[in-house]
Amino acid sequence: MTEDEPAPRRRGRPSRKAAAEGPDARTRILRAARTEFAERGYDKTSIRQVAKAAGVDAALVHHYFGTKDEVFAAAVELSFEPALVIPQLLGGPPEGVGERLARYFLSVWENPATRAPLLAVLRSALTHEAAAKVLRGFVLRRLLERIAADLDVPDATLRAELAASHMIGIAMLRYVIRAEPLASADPEEIVAMVAPTLQRYLTES
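Below or above, wherever it landed, is the structure these notes cover. (Residues numbered from 1 in each chain as written. Predicted model: local features only at pLDDT ≥ 70, side-chain atom pairs only at ≥ 80, totals over all residues. Heavy atoms only, no water.)

**With respect to the overall build of the protein**
And step 1. The helix and strand inventory of the protein stands at ten helices and zero strands.
And step 2. Each helix and strand of the protein, placed in order from N terminus to C terminus, yields the pattern α-α-α-α-α-α-α-α-α-α.
And step 3. Of all 205 residues assigned to the protein, the portion counted as buried reaches 45%.
And step 4. Taking the contacts inside the protein whose residues are at least 6 apart along the sequence as the reference set, 72% of them involve residues at least 24 apart.
And step 5. As displayed, the protein has an accessible area near 10,900 Å², and 53% of this comes from carbon and sulfur atoms. (Helix = DSSP H or I, 4+ residues; strand = E, 2+ residues; numbered from the N terminus. Buried < 20%, exposed > 50% of the residue type's maximum accessible area, 1.4 Å probe, protein only. Contact = heavy atoms within 4.5 Å. Areas by Shrake-Rupley, 256 points an atom, 1.4 Å probe, with all protein chains shown as cover.)

So this is what it looks like as C-alpha cells:
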C-alpha cells in the first residue's frame, strides 16, 4: 500500500491517540492541507507532507479523511464553508439570490486567504481528473444544486451546471489567466453584470 492509498477505516470510536488529539488536530490537518495543495498543487502533495505540516502522524490524516481525494475535498470545503453559506444565500428574497451568489463567490476569490487554495484547485482540475472530480462534486452538489433545489425549480442539475460554468469561467479569466479588462474590473461592477444571468439560471421557469 502506498502512502496515499486509504488506510483501513476504523469502525466505532477513534483510537486513544486520535481521541486525545481531538478536533484541534483535524483543524490543523485541514489548514495544512489547504496550504500544501495551494503551494504544491494536487499532484505534488502527499498525505505524508500534509501530516508533517500539521504536526501529526500520517495515520491520523487517514483516520480523519481516508484518501488524498477526501483531504483535498475537505480543504476545498474549508474555503467555502457551505454549511454557513447556504442559509445566508437563501435567507433573503428569491429575486435576489443571483446577486447574493455572485457577491459571495467574488468575495471568496477576492480574499487572499482563500484565493491561493482555490487557485490551486482550478489549476489542478485542469490537469488532474481527481482534482476536477472534487471540484465538480463540491461546486455542483454541495453548493449550487442545494440552492437550486431549495428554490424548487425544474432541471436543477442543469441550472446548477450553467451557473457553475459561468462563475468558474469568470474565476479562470480573472484570477488564473488575468485577462483584461476583467482582471482589473471592480468586483461590484462584475456583480451587477453577472447577477441577472445567475438569477435567470436558478429561478426562472
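**Some words on the packing of helix α6 (residues 97–110) against helix α7 (residues 112–127)**
And step 1. Interaxial distance between α6 and α7 falls to 6 Å at its minimum, and their mutual angle equals 95°. Taken together, the axes of α6 and α7 are roughly perpendicular relative to one another. Contacts between α6 and α7 involve Val 108, Trp 109 and Glu 110 from the first element and Pro 112, Thr 114, Arg 115, Leu 118, Leu 119 and Leu 122 from the second. (Axes fitted to C-alpha atoms, helices over the stretch in contact; angles between N-to-C directions. Parallel < 35°, antiparallel > 145°, perpendicular 65-115°, else oblique.)

**Some details on the packing of α7 against helix α9 (residues 156–176)**
Between two packed helices, what matters for the description is the angle formed by their axes and the separation of those axes.
And step 1. Contact pair α7 / α9: the axes reach a minimum separation of 11 Å and the direction vectors enclose 110°. The angle between the axes of α7 and α9 places the two elements in the roughly perpendicular class. Side by side, α7 and α9 meet where Arg 115, Leu 119, Leu 122, Arg 123 and Leu 126 of the first sit next to Ile 168, Ala 171, Met 172, Tyr 175 and Val 176 of the second.
And step 2. Broken down by class, the residue content of the contact of α7 with α9 amounts to eight nonpolar, no polar and two charged. (Nonpolar A, V, L, I, M, F, W, Y, C, P; charged D, E, K, R; others polar.)

**With respect to unusual backbone geometry**
Glycine aside, residues mostly have negative phi angles, and peptide bonds mostly take the trans form.
And step 1. Residues Glu 180 and Pro 181 are joined by a peptide bond in cis, for which omega reads 10°.
And step 2. Along the chain, the position of Pro 181 falls in the loop between α9 and α10 (187–203).
And step 3. A positive phi angle is found at Asp 155, which is not glycine, with a value near 55°.
And step 4. Checked against the element boundaries, Asp 155 lands in the loop between α8 (129–150) and α9.
And step 5. Residue Asp 155 is classed as exposed on the basis of its relative accessible area of 54%.
And step 6. One non-glycine residue, Arg 178, lies in the positive phi region at around 60°.
And step 7. Checked against the element boundaries, Arg 178 lands in the loop between α9 and α10.

Just geometry here; none of it tells us what the structure is for.
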